[in-house]
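# Structural description and commentary
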Amino acid sequence: MPIDPYAEAEAPASRYLHHLNPLAKLGAVVPAMVLLVFTRDLATPAVFLALAVLVVLTGARLTRRALMLLLVGMPAGIVLLTVGFSVWVDPTLVSDTASVLRVGGWTLREDAVAIGLATALRLAAILALALIGGLTTSGPDLVRAAVQHLHVPYRIGYAALAAYRFVPRFGYELSVIRAAHRVRGHHGGRGPFARVARGWGYIVPLLAGAIRHAERIALAMDSRAFGAHPTRTERHLVPFRARDVVFVVAVLTASAVVFAVTFPWQLP
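Quick notes on the rules
- Residues numbered from 1 in each chain as written.
- Predicted model: local features only at pLDDT ≥ 70, side-chain atom pairs only at ≥ 80, totals over all residues.
- Heavy atoms only, no water.
- Helix = DSSP H or I, 4+ residues; strand = E, 2+ residues; numbered from the N terminus.
- Contact = heavy atoms within 4.5 Å.
- Pairing = 2+ DSSP bridges.
- Core = buried A, V, L, I, M, F, W, Y, C linked by side-chain atoms within 4.5 Å.
- Buried < 20%, exposed > 50% of the residue type's maximum accessible area, 1.4 Å probe, protein only.
- Axes fitted to C-alpha atoms, helices over the stretch in contact; angles between N-to-C directions.
- Parallel < 35°, antiparallel > 145°, perpendicular 65-115°, else oblique.
- Nonpolar A, V, L, I, M, F, W, Y, C, P; charged D, E, K, R; others polar.

### Observations concerning the environment of Ala-159
- Residue placement: Ala-159 occurs in helix α6 (residues 154-164).
- The spatial distance from the C-alpha of Ala-159 to the C-alpha of Phe-226 is 9.6 Å, given a sequence separation of 67 residues.
- With residues up to four places along the chain from it excluded, the contact list for Ala-159 reads Tyr-154 and Phe-226.

Okay, here's the thing in structure tokens:
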């Protein structure tokens, strides 16, 4: 039987992000993420990036892979995005600035690098803020919180959750199908064409397994009278506690202070 991808061990109390309401983590960072889209300076996204990484490192339970992606992958991505966006800047907009690199008739200007770096930092800051909730929130908890506190119809929430849970199920069944093919000696050779041929061989059993799984889900939902009543009782409650209010207020206050100090918008 496949392991439930949402069955996680209880996080220690020191990893406080796991013990917060999903809506608190979402509502605390969304205003800053929206406002960061309209910034063009270097300081504002850099500060938000540093603060978001600090919150994730101190409050989230990270695997070694996640830690490497955060500390190594994100800086590498910022460098690559900076170079990419710098190259795409219109040369006429930065023609009056000092040159950084010259290759033949092409010149990379200082302001082009600044624009590329600002864009890369802005994207990285938005991603880092999203990781505060993304790394510490499971799909079922988010759906339960939305149904309980935002009054999202449970028919929509749990139907979407059931569809979302098909993804790890497909991954598990694909691994089983591949293992079965290897046991039966259906290697199909090597090279790109052999890989494509093997992929076509996975489609039919994968679709058959998906149909069987969908039928079981439908029968399980029908047996529980899903959709028969306007509301449902919840076995697992996701309360909105005082610590959630404190977290939201603290993050919103810090965001307001950062924007007030840096003020990345020019007044007419």
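From this point, the narrative continues.
### Brief notes about the pairing of strand β2 (residues 106-109)
- In terms of strand pairing, strand β1 (residues 99-103) meets β2 through four bridges, oriented antiparallel. The residue bridging Leu-101 from the neighbouring strand is Leu-108, located in β2.
- Where β1 folds back onto β2 in an antiparallel hairpin, the turn is made up of two residues, including Gly-104, whose phi is positive at roughly 65°.

### Some points on the nonpolar core
- Membership of the largest hydrophobic core comes to 30 residues, with the highest contact counts inside it found for Phe-48, Leu-49, Met-74, Leu-129 and Ile-132.
- For this core, the elements supplying multiple residues, two or more each, are α1 (22-36), α2 (43-59), α3 (64-88), α4 (110-134) and α9 (242-262).
- Looking at this core, the element that brings in the most residues is α4, giving nine residues.
- Apart from the residues within four sequence positions on either side, Met-74 is in contact with Leu-49, Leu-69, Ala-124, Leu-127, Ala-128 and Leu-131.

### Concerning the packing of α1 against α4
- Look at α1 against α4: their axes get within 9 Å of each other, and the N-to-C directions meet at 170°. Relative to α4, the element α1 lies roughly antiparallel. Contacts between α1 and α4 involve Lys-25, Val-29, Ala-32, Met-33 and Leu-36 from the first element and Arg-122, Ala-125, Ile-126, Leu-129, Ala-130, Ile-132 and Gly-133 from the second.
- Residue composition of the contact of α1 with α4, by class: nine nonpolar, one polar and two charged.

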